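Architecture and fold: a report
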Amino acid sequence: MTETNRRIEIIDAVRGFAVVMMVAHHALFNAVAFLGAPRWVFSNPVFDILQPFFVGLFVLVSGISSRFSKGNIERGAICIVFAVLVTYVTVRMDMPIYFGILHKLGFFMIFYGLTRKFWDKIEPKAAPILYITLILSSIAARIFFSPTSDNLVIRDILSVLGWRQTGFSGFDYQPILPGIFIFLFGTWAGRYIREEKFPKWFYEAKFPIFPAIGRKALMIYLLHQPVLFSLTMLFAYLLSL
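Residues numbered from 1 in each chain as written. Predicted model: local features only at pLDDT ≥ 70, side-chain atom pairs only at ≥ 80, totals over all residues. Heavy atoms only, no water.

Quick look at empty space enclosed by the protein now. Under the defined criterion, the tally for this structure stands at 1 cavity of 30 Å³ or more. Of the pockets and cavities examined, the largest cavity occupies roughly 80 Å³. Of all the elements in the fold, those that place two or more residues in the lining of the largest cavity are α4 (101-120), α5 (127-144) and α7 (179-194). Element by element, the count of residues in the lining of the largest cavity is highest for α7, at 4 residues. Looking at the lining of the largest cavity residue by residue, the classes come out as 7 nonpolar, 1 polar and 3 charged. (1 Å grid on protein atoms, 1.4 Å probe; cavity = no way out; pocket = protein on both sides within 12 Å on 5 of 7 lines; lining within 4 Å. Points joined across faces, edges and corners; volume = space filled by probe spheres on them. Helix = DSSP H or I, 4+ residues; strand = E, 2+ residues; numbered from the N terminus. Nonpolar A, V, L, I, M, F, W, Y, C, P; charged D, E, K, R; others polar.)

Have a look at this one:
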């Protein structure tokens, strides 16, 4: 059995595409929040469908990449450190992100690093069926059930899981469900990708721009909102002249 640890451009390209969509989404939010653009610019049927799609892509690719790493706990811890930094900065900006994409991915990496042996024991042919079932079940659970609690700790846990409670404020809300199962589905796919069982074109395909963006995803995530916010404030000032 041959395995590969080389970078696969299509994976970086998909990650890069997801990053571009995320930046565009946040730019539209800024236009509505600070420039007086109509709300439909940010919240409309197109982006309401695309937003969970590109977040799902981001999570899926992260799961695939975790198959190529033996240090997922360390990677997750680094991600959490940056996530805490994001929370600190955004709280001071009065745009708090308490559980965003970095918090979520960091948690997933650590969770997978700690439980990898368990998931590896699942029959490979049964794994995708199990994960897809869990994805759909968790989506249905979020739609049809609304658990609440008077206990503040439990309320925060429910919010992080996916049942956002009254009083749990914050931007870029990224709950654990159904993302954890999308991530695990990615780890299953990543096993076959690493073993070079995908078609040859998958490993040889070339793409412009997006792979380079995908390789800088963390840096772009950390810097894009401060840059967007600064540009938005500059544009607002110019409009007021």
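Here we take up the pattern of salt bridges. Following the criterion strictly, the structure yields 9 salt bridges and no others. When the shortest N-O distance is used, the salt bridge between Asp-12 and Arg-15 registers 2.8 Å. Here Arg-15 and Asp-12 lie together in helix α1 (residues 9-35), a separation of 3 residues that amounts to about one turn. For the pair shown, Asp-12 and Arg-15 are each scored as buried. For the salt bridge of Lys-197 with Glu-195, the shortest nitrogen-to-oxygen distance reads 3.2 Å. (Salt bridge = Lys/Arg side-chain N within 4 Å of Asp/Glu carboxyl O. Buried < 20%, exposed > 50% of the residue type's maximum accessible area, 1.4 Å probe, protein only.)

With that out of the way, let us pick up the packing of aromatic side chains. Geometrically, a pair of aromatic rings is defined through the distance of the ring centres and the angle of the planes. Going through the model one piece at a time under the given rule, you end up with 17 aromatic pairs. Here the aromatic rings of Phe-29 and Phe-42 are separated by 5.4 Å at their centres, their planes lie at 70 degrees, and the arrangement is edge-to-face. Here Phe-29, found in helix α1, pairs with Phe-42, found in the loop between α1 and α2 (45-66); they are 13 residues apart in sequence, far enough to count as distant. No difference in accessibility class separates Phe-29 from Phe-42, as the two residues are buried. On the numbers, 5.3 Å between centres and 50 degrees between planes, the contact of Phe-185 with Trp-188 is tilted. Here Trp-188 and Phe-185 lie together in helix α7, a separation of 3 residues that amounts to about one turn. An aromatic cluster of three or more residues is present, and its members are Phe-107, Phe-108, Phe-111, Tyr-112, Phe-118, Trp-119, Tyr-131 and Phe-183. Over the ring of Tyr-173 we find Arg-164, and its NZ or CZ is 4.4 Å from the ring centre. (Phe/Tyr/Trp six-rings, centres within 6.5 Å; stacked < 30°, edge-to-face > 60°. Lys NZ or Arg CZ within 6 Å of the ring centre and 35° of its normal.)

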